[in-house]
Amino acid sequence: MSMLETLGVLAHRGGLIARHPELTVGVVAAYARPTGLELELLARRPPDPRGAGQRQADIRAGRTGPPPAGRRLLPPFDEGLDLRAGWLDDTGRAHWEFGSLESSGDYAGFLLRTRLLFPLRYPHVSVALAWPEIGFPETVVDLALPDRATVERGTVSIWDAPHHASDPPAGLWHRDAHEILDEPHIETGRIVAAPRVLHRDRGAAVVLTRVTAVGALLSLEVVSVATRAVPSEWGASIAVLHGREAIRLGPNAASAAGGAQAFQSRAEFTVHKPDHGALDLLVSWPEAGLPEALAMVPAR
C-alpha cells in the first residue's frame with residue numbers, strides 16, 4: 001500500500017530548522033510510519049541584493065558569490081546544484097538520500113522543495129543538510145520522533161481510519177472565493193492538525209494531510225485517492241463554510257496521476273484562519289461518487 005493510502009503519525013510540527021544568510025531550510029511535513037520517516041523540506045534562498053545587472057557584471061569579472069563552505073560529511077567528489085539532505089547513523093556517517101525535487105527561482109529568489117524517506121531511528125533522527133557550493137555549511141539537526149508504540153498504533157490505512165463526515169446544512173449558498181490568497185512561507189509555520197480522513201466511500205477517499213498556520217493564514221494539503229480510474233482534474237472539491245455560505249477554494253498548486261486502475265492527487269489551498277479555532281470544510285468529489293459532506297477540523 002502506498003504512503004498516500006496510509007495515515008502516518010505526525011512527527012514534527014514544522015518550522016525553520018536551519019538559518020543562514022545564503023539559505024533557510026524548514027520542515028513542511030514529517031510523518032512517521034513503521035516503514036520510515038517521510039520528510040518534506042523547503043529551502044529558500046533570498047533575492048540577490050546586487051540585482052540582475054550587477055550580478056551579471058560580477059559573473060563576467062569572476063566574482064560569483066560567497067566562497068564554498070567546507071566539507072566533512074559530504075564526499076569530496078560530490079558536486080551538486082541544489083540542497084542535499086540525509087541522515088546520520090550511530091557512527092556519525094551521513095547517508096545522503098535522493099528525494100523528489102521541485103524548484104523554482106529567478107533574481108527574486110530561489111525555492112526548492114523535496115520529499116524524502118528516511119529510516120526511523122528512535123527516539124530521534126539526525127538530519128544532515130549541505131549545499132557547500134553556495135556557501136551554506138553542512139548542518140546537522142536532531143528531530144525528536146514519536147516512540148515505536150505510538151507510531152505502530154497510529155499508522156492506519158486510509159480505508160480503515162475513522163472519519164466523521166456529516167451531512168451539510170440545508171440551504172447553503174455556494175460561491176467561488178472572491179479573494180485569491182498567495183501561498184505563505186509554509187516552512188516557517190506550525191502544523192496545527194494531524195492527518196485525517198475527511199470523506200470516504202467505496203473505493204474513494206479524501207485525506208487532509210496537513211494544516212499549517214502561518215500568521216493569519218492556514219495552508220491545507222488535501223490528497224484524493226481512488227482505486228479506479230476517475231475523470232478528475234485535481235481530485236476533491238474543497239469549500240469553507242461561513243454561516244450559510246460555502247466558499248469554494250481554488251488550489252495554489254495541484255498534481256494528479258491516474259490510469260485504468262487508480263487515481264491519486266495532491267492539492268494545496270490557502271484560507272484565512274477561522275476565529276473560532278476550527279475549520280468547517282465542505283468536501284465533495286462527484287466524479288468518484290462522493291457527495292458533499294461536512295468535516296469539522298480543529299485547527300489550533
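Higher on the page you've got the structure.
Presented here is an overview of the structure given in this document.

Calculation notes
Chains are numbered independently. Their residues run from 1 in the order of the written sequence. Only residues with pLDDT of 70 or above have their local features reported here, since the model is predicted, and side-chain atom pairs are shown and tallied only from 80 upward, although totals for entire chains, interfaces and linings are computed over all residues. Hydrogens and waters are ignored; side-chain quantities use all the structure's heavy atoms. Note on conventions: DSSP H or I runs of at least 4 residues are helices, E runs of at least 2 residues are strands, and numbering of each starts at the N terminus. To get the radius of gyration, use the C-alpha atoms; to get the globule rule, take the number of residues to the power 0.38 and multiply by 2.2 Å. In this scheme, a residue with accessible area under 20% of its type's maximum is buried, one over 50% is exposed, and one in between is partly exposed, where area comes from a 1.4 Å probe on protein chains only. A contact between two residues is defined here by any heavy atoms of the two lying within 4.5 Å. Exposure was quantified through the Shrake-Rupley algorithm and a 1.4 Å probe, taking into account, for residues, occlusion by the shown protein chains and nothing else. Pairing of N or O atoms within 3.5 Å defines a polar contact, subject to two protein rules: one partner must be a possible hydrogen donor and the other a possible acceptor, and residues neighboring in sequence count only if both atoms are side-chain atoms. For salt bridges, the criterion is a side-chain nitrogen of Lys or Arg within 4 Å of an Asp or Glu carboxyl oxygen. As used in this record, nonpolar core signifies buried Ala, Val, Leu, Ile, Met, Phe, Trp, Tyr and Cys residues forming a set joined through side-chain atoms within 4.5 Å. Any two strands are treated as partners once DSSP identifies two or more bridges connecting them.

Focus: the overall build of the protein
Then, number 1: The helix and strand tally for the protein stands at 2 helices and 23 strands.
Then, number 2: A compact globule built from 300 residues would reach a C-alpha radius of gyration of about 19 Å, and the protein, at 21 Å, matches this within 12%.
Then, number 3: For the protein, the spread of C-alpha atoms along the principal axes amounts to about 65 × 50 × 40 Å.
Then, number 4: Residues counted as buried form 49% of the 300 residues belonging to the protein.
Then, number 5: The contacts of the protein with a sequence gap of at least 6 include a subset with a gap of at least 24, amounting to 64%.
Then, number 6: As displayed, the protein has an accessible area near 14800 Å², and 54% of this comes from carbon and sulfur atoms.

Observations regarding the side chain of arginine 210
Then, number 1: Mapped onto the elements of the fold, arginine 210 is located in strand S16 (residues 204-214).
Then, number 2: Note on arginine 210: relative accessible area 1%, which makes it buried.
Then, number 3: Only 3.0 Å separates the side chain of arginine 210 from the side chain of threonine 212, close enough to count as a polar contact.
Then, number 4: Separated by 3.1 Å, the side chains of arginine 210 and serine 219 make a polar contact.
Then, number 5: For arginine 210, the contacting residues outside a window of four places in its chain are Val28, Ala29, Tyr31, Arg113, Ile186, Ile191, Ser219, Leu220, Glu221 and Glu268.

Regarding unusual backbone geometry
Then, number 1: The step from tyrosine 122 to proline 123 runs through a cis peptide bond, and the omega angle for that step is 0°.
Then, number 2: Relative to the helices and strands, proline 123 is located in the loop between strand S9 (109-118) and strand S10 (124-131).

Some points on the pattern of salt bridges
Then, number 1: Under the defined criterion, the tally for this structure stands at 20 salt bridges.
Then, number 2: Among the salt bridges present, the one from glutamate 183 reaches arginine 113, with a minimum N-O distance of 4.0 Å. Taken as a pair, glutamate 183 in the loop between strand S13 (173-176) and strand S14 (190-193) and arginine 113 in strand S9 lie far apart in primary sequence, 70 residues in all.
Then, number 3: Members of the salt-bridge network, linked through shared partners, are Arg33, Glu38, Glu40, Arg113, Arg115, Glu183, Arg210, Glu221, Arg266 and Glu268.

Overview of the environment of serine 255
Then, number 1: Checked against the element boundaries, serine 255 lands in strand S20 (residues 253-258).
Then, number 2: For the pair serine 255 and valine 223, spaced 32 residues apart in sequence, the C-alpha separation works out to 9.8 Å.
Then, number 3: Every residue in contact with serine 255, bar those within four places of it in the chain, is listed here: Gln264, Ser265 and Arg266.

Some details on the nonpolar core
Then, number 1: Leu198, Val206, Val211, Leu218, Leu281 and Trp285 are the most contacted members of the largest nonpolar core, which has 30 residues in total.
Then, number 2: Those elements that provide at least two residues to this core are S14, S16, strand S17 (217-226), strand S18 (237-242), strand S21 (263-272), strand S22 (278-285) and strand S23 (290-298).
Then, number 3: Sort the elements by how many residues they give to this core and S16 lands first, with 5 residues.
Then, number 4: Not counting residues within four places of it along the chain, the set of residues in contact with valine 206 comprises Val197, Leu198, His199, Val222, Val223, Ser224, Ala236, Val283, Trp285 and Leu290.
Then, number 5: Residues Val25, Ala30, Ala85 and Trp131 belong to the second largest nonpolar core, which totals 29 residues.

Considerations on the pairing of S17
Then, number 1: The buried fraction of S17 is high, at 10 of 10 residues.
Then, number 2: Burial along S17 is two-sided: the residues Leu217, Ser219, Glu221, Val223 and Val225 and Leu218, Leu220, Val222, Ser224 and Ala226 are all buried.
Then, number 3: Summarising the sheet, S16 and S17 pair through 10 bridges and their orientation is antiparallel. Across the sheet, valine 214 pairs through a bridge with leucine 217, a residue of S17.
Then, number 4: Here S16 hands over to S17 after 2 residues, with glycine 215 in that stretch at a positive phi of 60°.
Then, number 5: Where S17 and S21 come together, 10 bridges link them in antiparallel fashion. Each residue of the ladder has a partner; that of leucine 220, found in S21, is phenylalanine 269.

Description of the environment of leucine 208
Then, number 1: By the element assignment, leucine 208 lies in strand S16.
Then, number 2: Overall, the relative accessible area of 0% leaves leucine 208 in the buried class.
Then, number 3: With 67 residues separating them in the primary sequence, leucine 208 and valine 141 have C-alpha atoms 27 Å apart.
Then, number 4: Leaving out residues up to four positions away in the same chain, leucine 208 has contacts with Ala194, Pro195, Arg196, Leu198, Leu220, Glu221, Val222 and Val297.

Description of the environment of alanine 193
Then, number 1: Mapped onto the fold, alanine 193 is located in strand S14.
Then, number 2: Accessibility expressed as a relative area gives 4% for alanine 193, which makes it buried.
Then, number 3: Distance in space between the C-alpha atoms of alanine 193 and threonine 35 is 22 Å, their sequence separation being 158 residues.
Then, number 4: Apart from residues no more than four positions distant in its own chain, alanine 193 is found in contact with Arg13, Val211, Val297 and Pro298.

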